[in-house]
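# Observations on the model geometry
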Amino acid sequence: MTNNWVDIKNANLIIVQGGNAAEAHPVGFRWVIEAKKNGAKLIVIDPRFNRTAAVADHYVPIRSGSDITFLMGVIHYLLENDKIQHEYVKHYTNASFLINEGFKFEDGLFSGFNQEKRNYDKSTWSYQLDENGNAKRDMTLQNPRCAINLLKEHVSRYTPEMVEQITGVKQKDFLYVCEEIAKTSAPDKTMTHLYALGFTEHSTGTQNIRSMAMIQLLLGNIGMPGGGINALRGHSNVQGTTDFGLLPTSLPGYMRLPTDKDATFEQFINAITPKDIVPNQVNYYHNTSKFFVSTMKAFFGDKATKENSWGYDYVPKTDRLYDPMTQIQMMLDGKMHGWICQGFNALNSLPNKNKTVEAMSKLKYFIVLDPLQTETSEFWKNFGEANNVNSADIQTEVFRLPTTCFAEEDGTIVNSGRWVQWHEKACDQPGESLPDVDIFSMIREEMHNLYKKEGGRGIEQFEAITWNYAVPHSPQAEELAKEINGYALEDLYDTNGNLMYKKGQLLSSFAHLRDDGTTSTGNWIYVGQWTEKGNQTANRDNSDPSGLGVTLGWAFAWPANRRVLYNRASLDINGNPWDKHRQLIKWNGKNWNLHDIADYGAAPPNADVGPFIMSAEGVGRIFSLDKVGDGPFPEHYEPVESPIDTNPLHPNVVANPTVRIYDYDRGFIGTNDKFPYVCSTYRITEHFHSWTAQSALNIIAQPQQFVEIGEALAQEKGIQKGDMVKVSSTRGYLKAVAVVTKRIKALQVDGKTVHQIGVPIHWNMKALNGKGNPGFSPNNITPSWGDANTQAPEYKTFLVNIEKVGA
């Protein structure tokens, strides 16, 4: 979230597309209701009339997998009708930047596409530079190579007629949404966008999000109260996992992990530090070396020295993307022999369950850390007729290590709004279970003993890791939180010679990190969470002088306790608020702080300095440079399994040409002659992931797996409510009870009738009561390919068949 949950109440318009907040986030959804009480409109765009749509002012049914077409159509409408926030767009986006003459888009492909490697050379996705290496701009926006003029050309194909042809959305519905969105281009109006996995779990997921972010930039809604592009996290600590580098290419704080091409520390830092391309910009990532070196000091302590490049050689270098789907493929190929699953029920989380079982069956050992006895921890069992596993052929040795759940230990949880909140242990854990950190600490201790006894590759790196905890096999949450925050490792002085910190004191700001080895932090964006004043994540003052939901005394929000990112963009270039009734920050002669912590430096108003301080240009990007792998502008591509066989925009390039797909999975691509219906997976309120299928109260609330199908499809297939049906794809099948509903309508797409069905994700192979159809996970039917940037599988749009069967 660029904003936060409470801030939703400040919006004039709320668009929910790619999520179902009332169902999946029922507590946070109260702020949508508060916004409606304040006069806001709620519009839901979704294939299914869901619980959020039930309280919406307007609901728009859409074909799953066509969101980019809808959103590019909105941009076309905004530009054609001059409904943008002109001053914001001119000064706070890269609309005026001149793009490389070599950049072009033709017949579904951007310049630089490599057919053999199925990726792009992005060298033409760049700015024109002057003799000083600065990006050229035309502030009149007249030059045809201005980013905004290239955008106009790009979206010109996304007319209301084309939107209807591809998405199935009626033009009157589409134009109604465009008109409502356009109203928030007024400086004193804002729109917020809420999305979740309905946007991300596509082969174009990253571009789904970028499309809406671009709209928000054109409207001037980024940095504003009631604005932003806001991801609703699926459960309590998803935000924390990404913050701390649990992504396969990340270090804590969203720093890139070195690759085997980054031979030296200097090469690596040079590669990840953005170069100035506009004079006078803040470009806060100039401080990357300070973030990295301070992290190395937390990792390796005294073993990280200037002489050894701060322990750079201790850090692993990646040679590929080791995401879970790559790991599964490596198991199948015999290139990975051991696997540790920590709080990860792979059979109910990863797509194509039969592929996952086949892969895990080739392991030599498998370690499971989980509070529950999961399907994954017993993957060798034949869970029902949908799994044809012969357990006698599996030689994998499985170690099940029972862990605690979050309520059985102290620590922090990070919510969607980046709020780091302390929670205390509610009860003792049962039996022999232990916290995850204790289990890993004991494994580390035993490995250390083995290293000392037997030696082995990697001993130097292993022994360099710091482990300065009072009880080495059981680090406490307080110790870890302070280590993450970071310390002064020497007395620190400011530029005037004044003492800022004594050696050993906790840091209060990431602005005080240094790259000379005198500071440490486990995660630079979390500096300030535990200072010499105490545990800031335990703060519980909910006072709100602003009335805007800016409760700076409640918990800690990264970075720097800031509640709305890029909040300097809520003011014009002279420092005046776009909306005086919703003012977050204000120049007071010394700094910008008022109600929020300013996302800016301490310099007074300067029209030449942009508010987007994490980019080298100081502006938001409607034209992306090198961060997105499948295009600087979003483009509609059909799902890998398409119900219409073509792409009306460019028939020669149907699906995303950079989609992540392994050769193994190409044999599992279904076609619409055999699998004519579009399937999406989703959540319901009564269950939480697959965990609660073993909980009696949840099973009572919603006792068995079901499939939602529209009335027209049910009539066509002779299916009545309560019938048992079989839903099949090329990857497998599941059986469930049919729920025949008005909530899913057939759509007319490119001259064809397209039916969509919905399958909740929650039931699994160990459902408590037997009515959950043990043996049938939704991932029996889901595909393994996915987004070229994030590798997220295409769970939300794939092809199936459905037929009535016996019980």
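For the structure itself, look to the data block above.
If you're wondering where the values come from, they're calculated on a predicted model, not measured in any experiment.

Here we come to empty space enclosed by the protein. Scanning all chains against the criterion turns up 2 cavities of 30 Å³ or more. Its volume calculated, the largest cavity comes out at about 480 Å³. Along its surface, the largest cavity is lined by 33 residues, and Asp46, Gly198, Thr681, Tyr682 and Lys796 are the ones closest to its centre. Tallied by class, residues from the lining of the largest cavity come to 10 nonpolar, 15 polar and 8 charged. The residues that make up the lining of the largest cavity include at least three from each of domain 1 (6-97 + 151-234) and domain 2 (663-804). Of the pockets and cavities examined, the second largest cavity occupies roughly 30 Å³. Looking at the second largest cavity, the residues that line it are Gly65, His202, Ser203, Thr204, Tyr637, Glu638, Pro639, Glu794 and Thr797.

Right, let's talk about unusual backbone geometry for a bit. For the bond from tryptophan 558 to proline 559, the omega torsion is -5°, close enough to zero to count as cis. Structurally, proline 559 can be placed in the loop between strand S21 (556-557) and helix H19 (663-666). One non-glycine residue, arginine 418, lies in positive phi territory at about 70°. Considering the arrangement of structural elements, one finds arginine 418 in the loop between strand S15 (411-414) and strand S16 (419-423). When its relative accessible area of 2% is taken as the criterion, arginine 418 is described as buried.

Pairs can form between side chains of opposite charge once their charged atoms are near each other. Under the defined criterion, the tally for this structure stands at 30 salt bridges. Lysine 172 is the partner of aspartate 173 in a salt bridge, and the nearest nitrogen-oxygen pair spans 4.0 Å. Here lysine 381 and glutamate 378 are joined by a salt bridge, their closest N and O atoms 3.2 Å apart. Overlapping salt bridges, with partners in common, bring together Glu23, Arg51 and Glu686 in one network.

A few words on the sheet that holds strand S1 (residues 13-17). Read from one edge of the open sheet, 5 strands run S3-S2-S1-S8-S9, paired in parallel fashion. Of all strands in the sheet, those bounded by a partner on one side alone are strand S3 (58-61) and strand S9 (229-231). Sheet twist, expressed as the mean angle between neighbouring strand axes with direction ignored, is 20°. Here 5 bridges tie S1 to strand S2 (residues 41-46), and the two strands are oriented parallel to one another. Bridge pairing in S2 places valine 16 opposite valine 44. Here helix H9 (residues 205-219) sits on the sheet and contacts S1, strand S8 (191-195) and S9; the angle it forms with S8, its principal contact strand, is near 170°.

Burial analysis of helix H15 (residues 353-360) places 6 of its 8 residues in the buried class, the great majority of the element. Taken residue by residue, H15 has Lys353, Lys355, Thr356, Val357, Ala359 and Met360 as its buried positions. Considering only its buried residues, H15 is in contact with helix H13 (324-332), strand S12 (338-342), helix H14 (346-349), strand S13 (365-370) and H19.

Turning next to the environment of glycine 102. Examined against the element boundaries, glycine 102 turns out to sit in the loop between helix H4 (86-92) and strand S4 (105-106). Owing to a relative accessible area of 33%, glycine 102 belongs among the partly exposed residues under this scheme. Expressed as a C-alpha distance, the spacing of glycine 102 and lysine 303, which sit 201 residues apart in the sequence, is 48 Å.

On to the side chain of serine 96. Relative to the assigned elements, serine 96 resides in the loop between H4 and S4. Engagement of the side chain of serine 96 in a polar contact is seen with the side chain of arginine 137, the distance being 2.9 Å. Contact partners of serine 96, with chain neighbours within four places excluded, come to Lys90, Lys136, Arg137, Asp138, Met139, Leu141 and Cys146.

This next bit is on helix H12 (residues 288-300). Taking 1.5 Å per residue, 13 residues should reach 18 Å; H12 reaches 18 Å between its end C-alpha atoms and fits that length. Where H12 is concerned, the buried positions are Thr288, Ser289, Phe291, Phe292, Val293, Ser294, Thr295, Met296, Lys297, Ala298 and Phe300. Tucked into the core, H12 has its buried residues touching strand S10 (250-251), strand S11 (255-256), helix H11 (265-272), helix H17 (459-464) and helix H18 (477-485). A positive backbone phi angle near 55° is found at glycine 301, which sits one or two residues after H12.

Another point: the nonpolar core. It is characteristic of soluble globular proteins that their nonpolar side chains tend to be buried jointly. One finds Phe70, Ile148, Ile181 and Ile215 to be the most contacted residues of the largest nonpolar core, which totals 75 residues. Excluding residues within four positions of it along the chain, isoleucine 215 makes contact with Leu71, Val74, Ile75, Leu78, Ile181 and Met191. In terms of nonpolar packing, the next biggest core, distinct from the first, is built from 44 residues, Ile269, Ala304, Val315 and Val527 among them.

Read from one edge of the open sheet, 3 strands run S15-S16-S21, paired in antiparallel fashion. Single-partner strands in this sheet number two, and they are S15 and S21. Bridge analysis of S16 against S21 gives 2 bridges, and the strand direction is antiparallel. Bridge pairing in S21 links tryptophan 419 to alanine 557.

Turning to the packing of H11 against H12, a few remarks are in order. Between two packed helices, the angle of one axis relative to the other and the distance separating the axes together describe the packing. Running from amino to carboxyl end, H11 crosses H12 at an angle of 130°, the nearest separation of the two axes being 10 Å. Looking at the two axes, H11 sits oblique to H12. When the axes of H11 and H12 are compared, the crossing they make is right-handed. Here Phe265, Phe268, Ile269 and Ile272 of H11 come into contact with H12, specifically with Thr288, Ser289, Phe292 and Val293. Counted by class, the contact of H11 with H12 contains 6 nonpolar, 2 polar and no charged residues.

Moving on: the pairing of S2. Both faces of the sheet carry side chains from a regular strand, because those side chains alternate between them. Burial within S2 is extensive, with 5 of its 6 residues counted as buried. As defined by bridge partners, S2 adjoins S3 across 4 bridges and the pair is classed as parallel. Across the sheet, residue isoleucine 43 finds its bridge partner in S3, namely histidine 58.

Parameters and conventions
Residues numbered from 1 in each chain as written. Predicted model: local features only at pLDDT ≥ 70, side-chain atom pairs only at ≥ 80, totals over all residues. Heavy atoms only, no water. 1 Å grid on protein atoms, 1.4 Å probe; cavity = no way out; pocket = protein on both sides within 12 Å on 5 of 7 lines; lining within 4 Å. Points joined across faces, edges and corners; volume = space filled by probe spheres on them. Nonpolar A, V, L, I, M, F, W, Y, C, P; charged D, E, K, R; others polar. Domains from an automatic or database assignment. Helix = DSSP H or I, 4+ residues; strand = E, 2+ residues; numbered from the N terminus. Buried < 20%, exposed > 50% of the residue type's maximum accessible area, 1.4 Å probe, protein only. Salt bridge = Lys/Arg side-chain N within 4 Å of Asp/Glu carboxyl O. Pairing = 2+ DSSP bridges. Axes fitted to C-alpha atoms, helices over the stretch in contact; angles between N-to-C directions. Contact = heavy atoms within 4.5 Å. Polar contact = N/O pair within 3.5 Å; in protein donor to acceptor, adjacent residues only side chain to side chain. Expected span 1.5 Å × (residues − 1). Core = buried A, V, L, I, M, F, W, Y, C linked by side-chain atoms within 4.5 Å. Parallel < 35°, antiparallel > 145°, perpendicular 65-115°, else oblique. Left-handed = near helix turned anticlockwise from the far one by under 90°.

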